[in-house]
Amino acid sequence: MLVGGQSTRMGRDKAFLPCEGEALASRTARIACAAAGTVVLIGDPARHAVFGYPVVADRYPGEGPLGGIVTALRDTAAEFNLVVACDMPRLTLEFLDELLTAAEAEPVEILVPTTGDGRLEPLCAVYRQSARAGLERAFDAGLRKVTAAFAGLVVRRFPVQEVACFQNLNTPEDWARYAAG
């Protein structure tokens, strides 16, 4: 599942930013598909169908990434769901393969990468279908911060030393730093 789209801080749809000769969302979807076998985009079908993957309309547009994750989990029967934001230009197949392999070996509902300073990266994580009910309850209760919705779920941290692969682009300054190389 690929979650992404319009960013108020970026001022435009990040999915269409150029990255290595293709749109950022197209690149991210291609890598996620290679790791997971299939990809479904969550966003605006009219805008994002151009990437060539199935697109499911976000049930909660404008409500942030948690709404996209809930939408993704409601739309699939897959046990393991790799959820990746569309705006990670340094994402690698190797990292996603490692993350999925670890998730399949653990009896957890969410496997979330964690940086050395303890920060969780919930927009490049594996969500089991069993996490859906808890995430939906949190969303329905008004929570919008993804990690706050983890309360009561079985979450395992996946320590990551090299965080560049899942750093995302949220502002024009982030984009400028990435584009500068």
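On a predicted model such as this, the values are computed, not experimentally measured, just so you know.

### Points about the overall build of the chain
In terms of helices and strands, the chain carries six helices and nine strands. Taking 181 residues into account, the globule formula puts the C-alpha radius of gyration at 16 Å, and the chain, at 15 Å, falls close to it. On the principal axes, the C-alpha backbone points of the chain span a range of 40 × 35 × 30 Å. Buried residues in the chain amount to 51% of all 181 residues. Contacts spanning at least 24 positions in sequence make up 66% of the contacts within the chain whose residues lie at least 6 apart. Carbon and sulfur atoms form 51% of the exposed surface of the chain, whose accessible area is close to 8400 Å². Of the side chains in the chain, 18 bear a positive and 22 a negative charge, and the two mean positions are spaced by 4 Å.

### Focus on the nonpolar core
A general tendency of soluble globular proteins is for nonpolar side chains to be buried together. One finds Phe95, Leu96, Tyr127 and Leu135 to be the most contacted residues of the largest nonpolar core, which totals 51 residues. Taken together, the elements giving at least two residues each to this core come down to helix 1 (24–36), helix 3 (65–74), strand 6 (80–85), helix 4 (93–104), strand 7 (110–114), strand 8 (124–128) and helix 5 (132–140). Counting residues per element, this core draws most heavily on helix 4, which supplies six residues. Apart from the residues lying within four places of it in its own chain, the contact partners of Leu135 are Leu66, Ile69, Val70, Leu73, Tyr127, Ala149, Phe150 and Leu153. Counting six residues, the second-largest nonpolar core is a separate cluster that includes Cys19, Leu24, Leu169 and Trp175.

### Description of helix 5
Restricting attention to buried positions, one finds in helix 5 the residues Gly134, Leu135, Glu136, Ala138 and Phe139. Buried residues along helix 5 sit in contact with helix 3 and strand 8. Directly beyond the C-terminal end of helix 5, a positive phi value near 100° is found at Gly142.

### Thoughts on the confidence of the model for the chain
On average, residues of the chain score 90 in pLDDT, and 94% of them are at 70 or above. Within the chain, the element-level pLDDT minimum falls on strand 1 (residues 2–3), averaging 54, and the maximum on helix 5, averaging 98.

Quick notes on the rules
- Residues numbered from 1 in each chain as written.
- Predicted model: local features only at pLDDT ≥ 70, side-chain atom pairs only at ≥ 80, totals over all residues.
- Heavy atoms only, no water.
- Helix = DSSP H or I, 4+ residues; strand = E, 2+ residues; numbered from the N terminus.
- Rg over C-alpha atoms; globule rule 2.2 N^0.38 Å.
- Buried < 20%, exposed > 50% of the residue type's maximum accessible area, 1.4 Å probe, protein only.
- Contact = heavy atoms within 4.5 Å.
- Areas by Shrake-Rupley, 256 points an atom, 1.4 Å probe, with all protein chains shown as cover.
- Lys, Arg positive; Asp, Glu negative; His and termini not counted.
- Charge placed at Lys NZ, Arg CZ, Asp CG, Glu CD.
- Core = buried A, V, L, I, M, F, W, Y, C linked by side-chain atoms within 4.5 Å.
- pLDDT = per-residue confidence, 0-100.

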